[in-house]
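A look at the structure
The lines below spell out each chain.
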Amino acid sequence: MLIRLCVIPALAMLTACQTPPQTQELLNRNERLQVQLEEAKAQIDALTAERNSKQEDIEDLNRVITVLNTEKSSRVQESSGLRSRVRGF
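Heads up: these notes are all about the structure in this document. A quick note: this is a predicted structure, and the numbers were derived from the prediction, not measured.

What counts and what doesn't
- Residues numbered from 1 in each chain as written.
- Predicted model: local features only at pLDDT ≥ 70, side-chain atom pairs only at ≥ 80, totals over all residues.
- Heavy atoms only, no water.
- Helix = DSSP H or I, 4+ residues; strand = E, 2+ residues; numbered from the N terminus.
- Buried < 20%, exposed > 50% of the residue type's maximum accessible area, 1.4 Å probe, protein only.
- Areas by Shrake-Rupley, 256 points an atom, 1.4 Å probe, with all protein chains shown as cover.
- Salt bridge = Lys/Arg side-chain N within 4 Å of Asp/Glu carboxyl O.

Quick look at the overall build of the chain now. Looking only at helices and strands, one finds one helix and zero strands in the chain. Taken over 89 residues, the chain has a buried fraction of 0%. When the accessible surface of the chain is summed, it comes to about 8,500 Å², and 60% of that surface belongs to carbon and sulfur atoms.

The structure is reproduced here in structure tokens:
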């Protein structure tokens, strides 16, 4: 019975001694995760900026396509008119 009384406090002390390394390990892990989070945020910001740039490029290209389609329609109408005049001649 006396041995049990001595063993229980000894186990409690050993458990208490093991807590700081676990705490330190958790603090280290937390620090690594914080670094990863900051890296992920930086990557998200970079990708967002790239997406915005690509979106502007798409809008510019769509404007060019609109102009080219207008030009094409104009040329088709002009060509059709010329063909009609040539046939009538």
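Under the definition given, this model contains two salt bridges. Of the charged contacts in the structure, one is a salt bridge between D60 and R63, with a shortest N-O distance of 2.2 Å. Taken as a pair, D60 and R63 lie in helix α1 (residues 2–88) at a separation of three residues, close to a single helical turn. The partner of R75 in a salt bridge is E71, with the nearest N and O atoms 2.9 Å apart. On the criterion of helical spacing, the pair formed by R75 and E71 is a turn pair, its members being four residues apart in helix α1. Note on E71: relative accessible area 39%, which makes it partly exposed.

Taken by themselves, the reported measurements are silent on function.
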